[in-house]
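One letter stands for each residue in the lines below.
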Amino acid sequence: ENRSIRLPVAGWVALHTGKGKIDDFTGRAMRQFAPGLPHARDCPLGAVVGLCWIDRAAPLEELRHEFGCSVHCEAAAAGCQFSARETALLAANAAGSSVQLQPALHVDGCRLSPFAVGPVCNVISAVVRLPRPIPCLGGLGRWEMPRDVKQ
C-alpha cells in the first residue's frame, strides 16, 4: 500500500474502494502484474470490501535494499518505452500527487514487489475479504470510518 503517510502499524485497516476511475495505463499495469483481477467495471465502488493487516511501514529505499532491488532494476525501468499518453499520465501523476507512479521493472533476483512505488510502503501481511461490500463514503488521505459501518 503506497502512501505519503504511514498507516497504523501492527493493526487492521479497512480496505475501501473509491468512486474514481483508474486511467488506462494503470489498468494495463495492474492486469500485467495481476492477470486474474476482475475488470474495474465489475468491482464495487464506494464501499469497504475487506480488511488488511499492516505489518510495518518503510520508506521505499529501505525496502529496495532489503529485497535486492538495485541499479540494474533502475536501468531496466529507464529502458522501458512509454507511449506519449502514458508519459503524460506519469508526468501528471508526479505533478499532482506526493505518490509518484513510476515504471517498476525488476531484474531476475530482485524480490521487491512491482507494486512498491512509495514514498512510504505500508507492508500488508494478511487480508480478509468481506462476504459483501459495505457502502461507505470515503475521504481523502486517512479518515475515520463511520460508526454505523464499523458495526
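All of these numbers come straight from a predicted model, not from anything done at the bench. (Residues numbered from 1 in each chain as written. Predicted model: local features only at pLDDT ≥ 70, side-chain atom pairs only at ≥ 80, totals over all residues. Heavy atoms only, no water.)

1. A closer look at the overall build of the protein chain
Logical step 1: A tally of regular secondary structure across the protein chain gives five helices and four strands.
Logical step 2: When its helices and strands are written in sequence order, the protein chain yields β-β-α-β-α-α-α-β-α.
Logical step 3: Going through the 151 residues of the protein chain one by one, you find that 23% of them count as buried.
Logical step 4: Contacts in the protein chain between residues at least 24 apart in sequence constitute 83% of all its contacts with a sequence separation of at least 6. (Helix = DSSP H or I, 4+ residues; strand = E, 2+ residues; numbered from the N terminus. Buried < 20%, exposed > 50% of the residue type's maximum accessible area, 1.4 Å probe, protein only. Contact = heavy atoms within 4.5 Å.)

2. Section: unusual backbone geometry
Logical step 1: In this structure, alanine 10 is a non-glycine residue whose phi angle is positive, near 55 degrees.
Logical step 2: Looking at the secondary structure, you find alanine 10 in the loop between strand E1 (2-3) and strand E2 (11-17).

3. A word on the pattern of salt bridges
When the charged atoms of two side chains lie near each other, side chains of opposite charge can form a pair.
Logical step 1: Evaluation of the coordinates by the stated rule reveals four salt bridges.
Logical step 2: Taking the shortest distance from any N to any O, the salt bridge between glutamate 62 and arginine 56 comes out at 3.7 Å.
Logical step 3: A salt bridge links lysine 150 to glutamate 144; its shortest N-O distance comes to 3.8 Å.
Logical step 4: On the basis of relative accessibility, which here comes to 59%, the residue glutamate 144 falls in the exposed class.
Logical step 5: Bridged by salt links that share partners, the residues Arg56, Glu62 and Glu66 form one connected network. (Salt bridge = Lys/Arg side-chain N within 4 Å of Asp/Glu carboxyl O.)

4. Focus: the nonpolar core
Logical step 1: Core analysis: the biggest nonpolar cluster contains nine residues, these being Ala58, Leu60, Leu63, Cys69, Cys73, Cys110, Leu112, Ala116 and Cys121.
Logical step 2: Once residues lying within four places of it in the same chain are set aside, the contact partners of alanine 58 are Arg6, Leu63, Pro119, Val120 and Cys121. (Core = buried A, V, L, I, M, F, W, Y, C linked by side-chain atoms within 4.5 Å.)

5. A look at the packing of aromatic side chains
Logical step 1: Scanning the model with the defined rule gives one aromatic pair in all.
Logical step 2: Between tryptophan 12 and tryptophan 53 the ring centres are 5.3 Å apart and the planes differ by 75 degrees, which places this aromatic pair in the edge-to-face class. You can see tryptophan 12 sitting in strand E2 and its partner tryptophan 53 sitting in strand E3 (residues 47-59), a full 41 residues away along the chain.
Logical step 3: For tryptophan 12, a relative accessible area of 47% corresponds to the partly exposed category.
Logical step 4: Exposure remark for tryptophan 53: the relative accessible area of 26% places this residue in the partly exposed category. (Phe/Tyr/Trp six-rings, centres within 6.5 Å; stacked < 30°, edge-to-face > 60°.)

6. Overview of the side chain of asparagine 122
Logical step 1: Topologically, asparagine 122 is positioned in strand E4 (residues 120-135).
Logical step 2: Under the relative-accessibility criterion, asparagine 122 is labelled buried at 2%.
Logical step 3: From its side chain, asparagine 122 meets the backbone nitrogen of leucine 7 in a polar contact 2.9 Å long. (Polar contact = N/O pair within 3.5 Å; in protein donor to acceptor, adjacent residues only side chain to side chain.)

7. Notes on a nonpolar patch on the surface
Logical step 1: Taken together, the side chains of Ile22, Met30, Phe33, Leu37 and Phe115 make up a nonpolar region of the molecular surface, amounting to roughly 410 Å² of accessible area.
Logical step 2: When you line up the elements, isoleucine 22 lands in the loop between E2 and helix H1 (24-33). (Patch = residues over 30% accessible without salt bridge, like charges linked within 9 Å, V, L, I, M, F, W, Y side chains within 5 Å. Areas by Shrake-Rupley, 256 points an atom, 1.4 Å probe, with all protein chains shown as cover.)

8. Some details on the environment of leucine 15
Logical step 1: Mapped onto the fold, leucine 15 is located in strand E2.
Logical step 2: Along the backbone, leucine 15 and leucine 130 are 115 residues apart, and their C-alpha atoms lie at a distance of 9.7 Å.
Logical step 3: In contact with leucine 15, not counting residues within four places along its chain, are Ala47, Val48, Val49, Gly50, Leu51 and Cys52.

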